[in-house]
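Letter by letter, the chains look like this.
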Amino acid sequence: MSDTPATPSPSRQADIVVAGAGYVGLVTAVAIKQAAPELDILLVDAAPDGVWERDTRASAIAAAAIRMLTHLGTWEAIREEAEPIREMIVTDSKTGDPVRPVFLTFGGEAEPGEPFAHMVPNVALNGALRQRAAELGVAIRAGAPVTGIAERPAAIAVELGQETVEARLLVAADGVRSKIRDMAGIRTVHTDYGQSGIVVTVHHERPHGGRAEEHFLPAGPFAILPLKGNRSSLVWTEPTAEAERLLRADEMVFELELEQRFGLKLGRLTVEGRPRAFPLGLTLARDFVKPRIALAGDAAHGIHPIAGQGLNLGFKDAAALAEVVVDAARLGRDIGALDTLELYQRWRRFDTVQMGVTTDVLNRLFSNDNGLLRTVRSFGLSLVDRAPFAKRHFIAQASGLSGGASPRLLRGEAI
Ligand SMILES: Cc1cc2nc3c(=O)[nH]c(=O)nc-3n(C[C@H](O)[C@H](O)[C@H](O)COP(=O)(O)OP(=O)(O)OC[C@H]3O[C@@H](n4cnc5c(N)ncnc54)[C@H](O)[C@@H]3O)c2cc1C
């Protein structure tokens, strides 16, 4: 008989292990802990400590998510760094066109005095959430990837290298290439767009006036998003081979290609830091939950950034999951049982698939140079531009304030 027990005893126990200290994992942990301080939460991340501080990107955060961040006591720390998006314009033209006719303009308020979105540097968002997690007593363990999972009676064993933590619930917020999703045997529907999003920050001579621009070019959308000062964050879609060529190109060639798309309306452009490219695709998990496991954020759905909604969908997951878990804990129910987690799945799956399909259709409709489609697009955009009701609908969508029953946190309310 072997001395090694068949079921090694856990080195630690926790109520919840959250895997992934990206925004979704952080918000989920903070939201649950703020409402139910008695729950013991361990937050683990594969990346070594300090990697998050090197992220130079920024994200468009919708008004609903800001209501939640305010309620979670983090928005005050982020606000200084955030730039409100006051207006948005949409154009549809060819790359070298000297003038890009504007087909659609939005004035950007969700409610009077509440911009529909803000641009926030990722470091500011991540830093504020980490600070709040520390205040609430949520331990974050860096350099600790989940390497295996196993079912236990009424628990899940989460392997972190040599250590095993036994928990009642594992939240997999480990990104679009989620290993935990694979370990749990959850399959996905995946489409590779063959496109990459080049993300780069530029400084320009003249102020942007809080204006966001989306230029539909034949290779895909080219988005200009306002940052603090005379700076903008760009998300520039190209076929992957072309994106790689641009990143390898000489600095001057890159800047010339950039100028051709951006134009000179804001004066001379200077690239800040190194541009990076991210492969784009649509990945939808077939199930969001299994007994004792819930997927959240990109682990459940990776979508095209054409509408700047990926992270906002993830925030909705975090808010809905936190509400379901906290309600279950208060009622004395098992927080990791399948019937509890199915409430979360039912709440989030339809909205997610709807957004995934919408971004997929938009990308296919706009990332091409087909003459007929171009005419139909221009006609459609100008119709929307003349319809105040349609515009209000778009603003409500972009604010994250429409689309089914909203979790309480996204209305700025306590759970
Ligand atoms: C080019 C581009 C532009 C975008 N712009 C916007 C935008 O403007 N607005 C918006 O809303 N969204 C935007 N998005 C989408 C947004 O970036 C993602 O939806 C968001 O980052 C997902 O957050 P997450 O926490 O789910 O995953 P991630 O941010 O990917 O975090 C996953 C975390 O899990 C950790 N991890 C991985 N494996 C393990 C493991 N085995 N164990 C433990 N930890 C693990 C990783 O280290 C990481 O910290 C954009 C995306 C792209 C590609």
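Placed above this text is the structure.
Draft legend 1. Structural detail: the site of the ligand. Not every one of the 26 residues close to the ligand is listed here, only the nearest: D45, A60, V146, D298 and L311. A distance of 3.4 Å separates an oxygen atom of the ligand from a polar backbone atom of Y23. Interatomic distance of 2.7 Å between a side-chain N/O atom of D298 and an oxygen atom of the ligand. Considering the ligand on its own, with 1000 Å² of exposed area, one finds that the protein chains cover 82% of that surface. Of all elements in the fold, only α1 (23-35), β3 (58-62) and α8 (310-330) reach the threshold of two or more residues within the shell around the ligand. The leading source of residues in the shell around the ligand is α8, at 3 residues.

Draft legend 2. Focus on the packing of α1 against α8. Closest axis-to-axis distance for the α1/α8 pair is 9 Å, and the angle between their directions is 30 degrees. In terms of orientation, α1 lies roughly parallel with respect to α8. Seen from above, α1 lies across α8 with right-handed handedness. The residues of α8 that touch α1, namely those facing Y23, V24, V27, T28, A31, I32 and A35, are L311, G314, F315, A318, L321, A322, V325, V326 and R330. Considered class by class, the residues forming the contact of α1 with α8 number 13 nonpolar, 2 polar and 1 charged.

Draft legend 3. View of the nonpolar core. Core analysis: the biggest nonpolar cluster contains 78 residues, and I16, I61, L125, F315 and Y344 have the highest contact counts within it. Among the elements that line this core, the one with the most residues is α8, at 11 residues. Residues in contact with I61, not counting those within four places in the same chain, are I66, L69, F116, A117, H118, V120, L125, L311, N312 and F315. Formed by 21 residues, the second largest nonpolar core is a distinct cluster that contains M88, A212, A223 and F366.

Draft legend 4. Representation of the pattern of salt bridges in the model. Counted under the stated rule, the structure contains 24 salt bridges. With a closest N to O distance of 2.7 Å, D351 and R348 form a salt bridge. Taken together, the positions of D351 and R348, both in helix α9 (residues 338-366) and 3 residues apart, correspond to about one turn of that helix. In this structure, D351 and R348 share a single accessibility class: buried. Several salt bridges share partner residues, and in doing so they unite E238, E242, R245, E257 and R261 into one network.

Conventions used here
Residues numbered from 1 in each chain as written. Predicted model: local features only at pLDDT ≥ 70, side-chain atom pairs only at ≥ 80, totals over all residues. Heavy atoms only, no water. Near = heavy atom within 4 Å. Polar contact = N/O pair within 3.5 Å; in protein donor to acceptor, adjacent residues only side chain to side chain. Areas by Shrake-Rupley, 256 points an atom, 1.4 Å probe, with all protein chains shown as cover. Helix = DSSP H or I, 4+ residues; strand = E, 2+ residues; numbered from the N terminus. Axes fitted to C-alpha atoms, helices over the stretch in contact; angles between N-to-C directions. Parallel < 35°, antiparallel > 145°, perpendicular 65-115°, else oblique. Left-handed = near helix turned anticlockwise from the far one by under 90°. Contact = heavy atoms within 4.5 Å. Nonpolar A, V, L, I, M, F, W, Y, C, P; charged D, E, K, R; others polar. Core = buried A, V, L, I, M, F, W, Y, C linked by side-chain atoms within 4.5 Å. Buried < 20%, exposed > 50% of the residue type's maximum accessible area, 1.4 Å probe, protein only. Salt bridge = Lys/Arg side-chain N within 4 Å of Asp/Glu carboxyl O.

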